[in-house]
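# Reading the structure
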Amino acid sequence: MITTLLVVVVILAIAFDYINGFHDAANSIATIVSTKVLTPFVAVLWAAVFNFAAYFYFTDHKVANTIAKTVLEEYITLEVIFAGLVAAISWNLFTWYYGIPSSSSHTLIGGFAGSGMAFALIQGANPLDAVNLGATAKIISFIVLAPVIGMTISIIITLIIINLARKSRPAVAEKWFKIFQLISSGALSFAHGGNDAQKVMGIIATALIAQQVIPNFEAMPEWVPLSCYAAIAAGTMSGGWKIVKTMGTKITKVTPLEGVSAESAGALTLGITEHFGIPASTTHTITGAIIGVGVVKRVSAVRWGVTISLLWAWVLTIPVSAVLGGITFAIIHYVI
């Protein structure tokens, strides 16, 4: 049954996807802009094209399915989904305004879970009964694992490239690394689109199932993935310049060689997590990869003070979003 609230929820979900795009644009373009391989305008166009191109490749929707199962079916209503989206959008805009590269993925998961837990509490049930603890634990574990994997792969790739390019003339090597960075940046944007667009797909599919518009996740209409990939690509084109500065210059200074390493590591990590249906954070992944290339130079090349501040944002995102989701649902339930 199609209702006004369902239409509002779908619009909000697509709006979140758009915000996700410009909030996370820095993940795809920070290194390629900081190395001056592309100008900011061309870089966001480049990233947006690959964001949308992922629509034609990622057709299994494993990540979307995981997101859809974050809250158990008996505690899912349109009000729960609406409250979760409002919370996620609020935290995303707050962190974007202050240039904090927090995870849009974890914001969405936290908001959705928090509103579901509030609904369970109001119903007199244990709040944790509303959450799929197995899926949530896997998602939370990748707050640590995604950056560590990204950093490890980045270190390995950097060391391999340094050894292969050791006998090359610096000017020639620099030219080739700039070309390779176009490819690695495109690959990262491709993986970013495939990973992040699916999260909103899961939310929209959940709303359609809750309203019995579709019988199950497998029956998700094609307009859902198409609109989600288009929204995240449009958002990426809008940029996120405050976060670009943090990602591209404040963590460590990045050369074209290091940009290739970091972006390749980020793309590989996201490809692995997508294969296993894990909604990992693109922000956490590429941050870990950038730290990895800095560590190869020397440990002191990484600005650890900035990195620790980012870690606090990562740790707080899910609980803060959950609280916001719970408060929003309570307001809807008792006031509106």
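Above this note sits the structure.
First, a word on scope: everything that follows refers to the structure included in this document.

Conventions adopted
Residues numbered from 1 in each chain as written. Predicted model: local features only at pLDDT ≥ 70, side-chain atom pairs only at ≥ 80, totals over all residues. Heavy atoms only, no water. 1 Å grid on protein atoms, 1.4 Å probe; cavity = no way out; pocket = protein on both sides within 12 Å on 5 of 7 lines; lining within 4 Å. Points joined across faces, edges and corners; volume = space filled by probe spheres on them. Helix = DSSP H or I, 4+ residues; strand = E, 2+ residues; numbered from the N terminus. Nonpolar A, V, L, I, M, F, W, Y, C, P; charged D, E, K, R; others polar. Phe/Tyr/Trp six-rings, centres within 6.5 Å; stacked < 30°, edge-to-face > 60°. Salt bridge = Lys/Arg side-chain N within 4 Å of Asp/Glu carboxyl O. Buried < 20%, exposed > 50% of the residue type's maximum accessible area, 1.4 Å probe, protein only. Contact = heavy atoms within 4.5 Å.

### Description of the layout of surface pockets
Considered as a void within the structure, the largest pocket measures approximately 310 Å³ in volume. Lining of the largest pocket is provided by 14 residues; of these, Ala 68, Lys 69, Glu 73, Ile 76 and Ile 209 occupy positions nearest its centre. Contributions of two or more residues to the lining of the largest pocket are made by helix 3 (62–68) and helix 7 (170–210). Looking at the lining of the largest pocket, the element that brings in the most residues is helix 7, giving three residues. Split into classes, the residues belonging to the lining of the largest pocket amount to seven nonpolar, four polar and three charged.

### Let's talk about the packing of aromatic side chains
Counted according to the given criterion, the structure contains 12 aromatic pairs. Considering the side-chain rings of Tyr 55 and Tyr 229, the 5.8 Å spacing of their centres and the 65° angle between planes classify their relative orientation as edge-to-face. Of this pair, Tyr 55 sits in the loop between helix 2 (40–53) and helix 3 while Tyr 229 sits in helix 8 (residues 223–238), and the two are 174 residues apart along the sequence. Through successive ring pairs, a cluster of aromatic residues spans Phe 52, Tyr 55, Phe 56 and Tyr 229.

### A short note on the pattern of salt bridges
Tallied over the full model, the rule gives one salt bridge. Two residues, Asp 196 and Lys 199, come together in a salt bridge whose shortest N-O distance is 2.9 Å. In this pair, Asp 196 and Lys 199 both sit in helix 7, three residues apart, roughly one turn of the helix.

### Looking at the side chain of Ser 105
Among the structural elements, Ser 105 can be located in helix 5 (residues 104–122). In this structure Ser 105 comes out as buried when scored by relative accessible area, which is 2%. Once residues lying within four places of it in the same chain are set aside, the contact partners of Ser 105 are Asp 196, Lys 199, Pro 279, Ala 280 and Ser 281.

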